[in-house]
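Spelled out, the chains give:
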Amino acid sequence: MRTNKLSKTLVLIAFFFLLATSTFADEKPILIKGGTIVPVTKPIIKKGDILIKDGKIVQMGRRIKAPRGARVIDARGLYIYPGMIDAYSSLGMVEVGSVSATVDTNETTKKITPFLSVLDAIDPDSAPIGVTRVNGITTALVSPGAANPIAGKAAVIDLAGRTVDEMVLAPDVAMIFSFTKGSRGYGSRGRGGYPSTRMGIAALIRQTLIDAEDYLKKIETWEKKGKKGPKPPRNTTYEALIPVLKGEMPVIANVREAREIRVALEIADAFHLKLILLNANECDKMIEKIKERNIPILLGNIFTNPDETQPYDFYYKLPLRLYRNGIKFAIFVGGAHSVRNLPYSAAVAVAYGLPYEEGLKSITIYPAEILGIADKVGSIEKGKIANLVVWTGDPLQVRSRVKHLIIKGKLVPLTNHDTELRDRYLHLYKHLKIKLH
């Protein structure tokens, strides 16, 4: 009996020792030495060093001395870029698209769901997260699906961490609205329920905002009276929309056709909403309206097939068109399994005329600015979170490879579900003496 107790005690001690060792090992300062630093917002620094401490960039320059105990990364001949940001995804909410039990994007039982938060559904162990980050994407907006007219709250996460709390960079950064066909009658899909048309969707969103305004007025009146008398009955739907009405939380509006963009702009004007357009396939028809309101766009349609009236390269050149008109945009891929291709979407835009620097900014600092997190990530600057990627070359080139990945100042292993499968079968083939060609 004593032997068993002693064994259990030793196991517990070993467990906590390993846990503590691994945690504190990650907190060592890191010095990246001798690489070409591409800050994105400032001039390139050749043969530069970056010192990371307590998860942040604390020093940049040349010939920085390594602190005692620091881990030194030799980056000579390599390139250091900020981690890329996918501005709209469902990472952590979709595992296998064809298996509904592993998909948590759209709440199909109700049409208006602003009280939903993606933080209640993100799985930190989801395989696509690891697959995505090893291609240099360190941060992503995770959003509820845009099927419901008002779908819920999106959050920004870093793509490393044992728990959701460790991953969250910014909770509740935006409310998701949808004006597209996909949201028509979604709450009662297949049963012919309301709304089933674009005018129904618009009317439902307007009425919900009117009701939320009335609710807010009742709360404010009750507070002005010194909270005397009974508090207005709590309504979680309208309560969730108060930050939106106050302009504290932007609305990401899923729109595709010009008529949907027009309605979104009209509602934003009427309720003084802070608007971000999502997709906006026909934004070229509304350029002036968008420009005069200074509304940014999240573009996820680079590889969308043009319709019969559009030239073959319409979507390839859409970023260039927005750039020439002074409209800020961020390129995203979306979904969960293809987010790794984010740099190649920007690369196509560059290949079709967008200046290289703008292409790089469209997946780094621009999404950070649009989502209100530019003080934390999106560029390499002193004081920002150390989300850095050491590349063998230009990340917009498909042959470039990630050599080192740092998220929140910690080195992240370059392994994931895909590399494990590769290694498993390479070992099997080797064991069976099968040659791969």
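Residues numbered from 1 in each chain as written. Predicted model: local features only at pLDDT ≥ 70, side-chain atom pairs only at ≥ 80, totals over all residues. Heavy atoms only, no water.

1. Let's talk about the overall build of the protein
Secondary structure summary: the protein contains 12 helices and 16 strands in total. On C-alpha atoms alone, the protein measures out to a radius of gyration of 24 Å, which is about the 22 Å that the 2.2 N^0.38 rule sets for 437 residues. Per-residue burial for the protein yields a buried fraction of 50% across its 437 residues. The long-range share in the protein, meaning contacts at least 24 apart out of those at least 6 apart in sequence, stands at 65%. Approximately 22100 Å² of the protein is accessible, and the part contributed by carbon and sulfur atoms is 53%. Of the side-chain charges in the protein, 63 are positive and 43 negative, and the distance between the mean point of each set is 6 Å. (Helix = DSSP H or I, 4+ residues; strand = E, 2+ residues; numbered from the N terminus. Rg over C-alpha atoms; globule rule 2.2 N^0.38 Å. Buried < 20%, exposed > 50% of the residue type's maximum accessible area, 1.4 Å probe, protein only. Contact = heavy atoms within 4.5 Å. Areas by Shrake-Rupley, 256 points an atom, 1.4 Å probe, with all protein chains shown as cover. Lys, Arg positive; Asp, Glu negative; His and termini not counted. Charge placed at Lys NZ, Arg CZ, Asp CG, Glu CD.)

2. Quick word on the confidence of the model for the protein
Taken residue by residue, the protein gives an average pLDDT of 91. The fraction at 70 or more is 91%. Taken as a whole, residues 9-25 scores under 50 in pLDDT and shows 3 contacts with residues more than four places along the chain or in a different chain. (pLDDT = per-residue confidence, 0-100.)

3. Details of empty space enclosed by the protein
Under the definition given, this model contains 1 cavity of 30 Å³ or more. In terms of lining residues, the largest cavity is bounded by Pro82, Gly83, Val377, Gly378, Ser379, Ile385, Asn387 and Leu388. Split into classes, the residues belonging to the lining of the largest cavity amount to 4 nonpolar, 4 polar and no charged. (1 Å grid on protein atoms, 1.4 Å probe; cavity = no way out; pocket = protein on both sides within 12 Å on 5 of 7 lines; lining within 4 Å. Points joined across faces, edges and corners; volume = space filled by probe spheres on them. Nonpolar A, V, L, I, M, F, W, Y, C, P; charged D, E, K, R; others polar.)

4. With respect to the sheet that holds strand S12 (residues 297-299)
Strands in a sheet are paired, the pairing made by backbone hydrogen bonds, and the direction either parallel or antiparallel. Strand order in this open sheet of 8 strands is S6-S7-S8-S9-S10-S11-S12-S13, and the pairing throughout is mixed. What marks the edges here is a single partner per strand, and that holds for strand S6 (84-89) and strand S13 (329-331). Shown here is a sheet whose adjacent strand axes are inclined to one another by a mean of 25°, direction ignored. Here strand S7 (residues 137-142) pairs with strand S8 (residues 150-158) via 4 bridges, running antiparallel. Among the inter-strand pairings, Thr139 is bridged to a residue of S8, identified as Asp158. (Pairing = 2+ DSSP bridges. Axes fitted to C-alpha atoms, helices over the stretch in contact; angles between N-to-C directions.)

5. Structural notes on a nonpolar patch on the surface
On the surface, Leu421, Tyr425, Leu428, Tyr429, Leu432 and Ile434 cluster together into a nonpolar patch covering about 490 Å² of accessible area. Within the secondary structure, Leu432 sits in the segment after helix H12 (417-431). Overall, Leu432 belongs to the partly exposed group, its relative accessible area being 48%. (Patch = residues over 30% accessible without salt bridge, like charges linked within 9 Å, V, L, I, M, F, W, Y side chains within 5 Å. Salt bridge = Lys/Arg side-chain N within 4 Å of Asp/Glu carboxyl O.)

6. A few points about the pattern of salt bridges
On inspection of all chains with the given rule, the structure shows 18 salt bridges. Across the salt bridge formed by Asp49 and Lys33, the nearest N and O atoms sit 3.0 Å from each other. Of this pair, Asp49 sits in strand S2 (residues 45-53) while Lys33 is found in strand S1 (residues 30-37), placing the two residues 16 residues apart along the sequence. Classification of Asp49 by relative accessible area gives buried; the value is 2%. One salt bridge connects Arg198 with Glu260, and the closest N-O pair in it is separated by 2.7 Å. Of this pair, Arg198 sits in helix H4 (residues 198-224) while Glu260 sits in helix H6 (residues 258-271), and the two are 62 residues apart along the sequence. The same class applies to Arg198 and to Glu260, which are both buried.

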